[in-house]
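One-letter residues, chain by chain:
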Amino acid sequence: MSELKDRLRSDLTAAIKARDEVRSSTLRMVLTAITNAEVAGKQAKELSDDDVLTVLTSEAKKRREAHAAFAEAGRDEMAAKEKAEAEVIADYLPTPLTAEEVSAIVAAAIEQTGAAADGMKAMGKVMGVVTPQVKGRADGGAVAAEVRRQLG
């Protein structure tokens, strides 16, 4: 079992004992998403820490989007619930990168691949180098926008 999944399970037990409703329901939801990812496809598999991190990142993104949608619709109670869930999930994600750090990683990748001369045609090549470095630490859309800005 991955260390991260084991940590999530032990934290769930602690949250239940502490009667922390938000934390326990969020951790249950995350563990269910992990289990679903494990049994998806033709053959069940054990997820690595990287795979669990991918699931956590996806769940965090869902919470951020739901929070924004509820806040925009004036449903403050639901927006607060989604925000609280996102904060619980954020405890298990690596520290997010700043815009400057993302910019530096993209610049280094462009230099490494020699993509500056190719322009936008090399976006896939650059993203292939950048994505593993920022996985779980930066929003993919923001990274792609930065690559476009530096290549264009």
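Given the structure is predicted, the values throughout are model-derived calculations rather than measurements.

(A) Inspection of the side chain of glutamate 59 at higher detail. Locating glutamate 59 in the fold gives a position in helix H3 (residues 49–72). One polar contact links glutamate 59 to arginine 63, side chain to side chain, over a distance of 3.0 Å. Beyond its immediate sequence surroundings of up to four residues, glutamate 59 is in contact with Ala33 and Ile89.

(B) Spotlight on the layout of surface pockets. Taken as a whole, the largest pocket spans an internal volume of roughly 510 Å³. Every residue lining the largest pocket is counted, 23 residues in all, and those nearest its centre are Thr57, Gly136, Arg137, Ala138 and Asp139. In terms of residue count, the dominant contributor to the lining of the largest pocket is H3 (four residues). Looking at the lining of the largest pocket residue by residue, the classes come out as 14 nonpolar, four polar and five charged. When residues of the lining of the largest pocket are assigned to domains, at least three map to each of domain 1 (3–91) and domain 2 (99–151).

(C) Local environment of the pattern of salt bridges. Summed over the entire model, instances satisfying the criterion amount to 11 salt bridges. Taking the shortest distance from any N to any O, the salt bridge between arginine 63 and glutamate 85 comes out at 2.9 Å. Of this pair, arginine 63 sits in helix H3 while glutamate 85 sits in helix H4 (residues 76–90), and the two are 22 residues apart along the sequence. An identical accessibility class is assigned to arginine 63 and glutamate 85; each is buried. The partner of lysine 81 in a salt bridge is glutamate 85, with the nearest N and O atoms 3.0 Å apart. Of this pair, lysine 81 and glutamate 85 both sit in helix H4, four residues apart, roughly one helical turn. Taking relative accessible area as the criterion, lysine 81 reaches 42% and is therefore assigned partly exposed. Residue classification places glutamate 85 among the buried positions, given a relative accessible area of 3%. Here the salt bridges share partners, and the residues they tie into one network are Glu59, Lys62, Arg63, Lys81, Glu82 and Glu85.

(D) Main features of the domain arrangement of the chain. Considered domain by domain, the chain is made up of domain 1 (3–91) and domain 2 (99–151). Between domain 1 and domain 2, the C-alpha centre-to-centre distance is 28 Å.

(E) The arrangement of the packing of helix H2 (residues 21–39) against H4 in detail. Two elements in contact, H2 and H4, have axes separated by 9 Å at closest approach and are oriented at 70°. It follows from the interaxial angle that H2 and H4 lie roughly perpendicular. You can see that H2 and H4 cross each other, and the crossing is right-handed. Between H2 and H4, the contacting residues are Val22, Arg23, Thr26, Leu27, Met29 and Val30 on the first element and Ala84, Glu85, Val88 and Ile89 on the second. When grouped by side-chain class, the residues that make up the contact of H2 with H4 number seven nonpolar, one polar and two charged.

Rules used in this analysis
Residues numbered from 1 in each chain as written. Predicted model: local features only at pLDDT ≥ 70, side-chain atom pairs only at ≥ 80, totals over all residues. Heavy atoms only, no water. Helix = DSSP H or I, 4+ residues; strand = E, 2+ residues; numbered from the N terminus. Polar contact = N/O pair within 3.5 Å; in protein donor to acceptor, adjacent residues only side chain to side chain. Contact = heavy atoms within 4.5 Å. 1 Å grid on protein atoms, 1.4 Å probe; cavity = no way out; pocket = protein on both sides within 12 Å on 5 of 7 lines; lining within 4 Å. Points joined across faces, edges and corners; volume = space filled by probe spheres on them. Nonpolar A, V, L, I, M, F, W, Y, C, P; charged D, E, K, R; others polar. Domains from an automatic or database assignment. Salt bridge = Lys/Arg side-chain N within 4 Å of Asp/Glu carboxyl O. Buried < 20%, exposed > 50% of the residue type's maximum accessible area, 1.4 Å probe, protein only. Axes fitted to C-alpha atoms, helices over the stretch in contact; angles between N-to-C directions. Parallel < 35°, antiparallel > 145°, perpendicular 65-115°, else oblique. Left-handed = near helix turned anticlockwise from the far one by under 90°.

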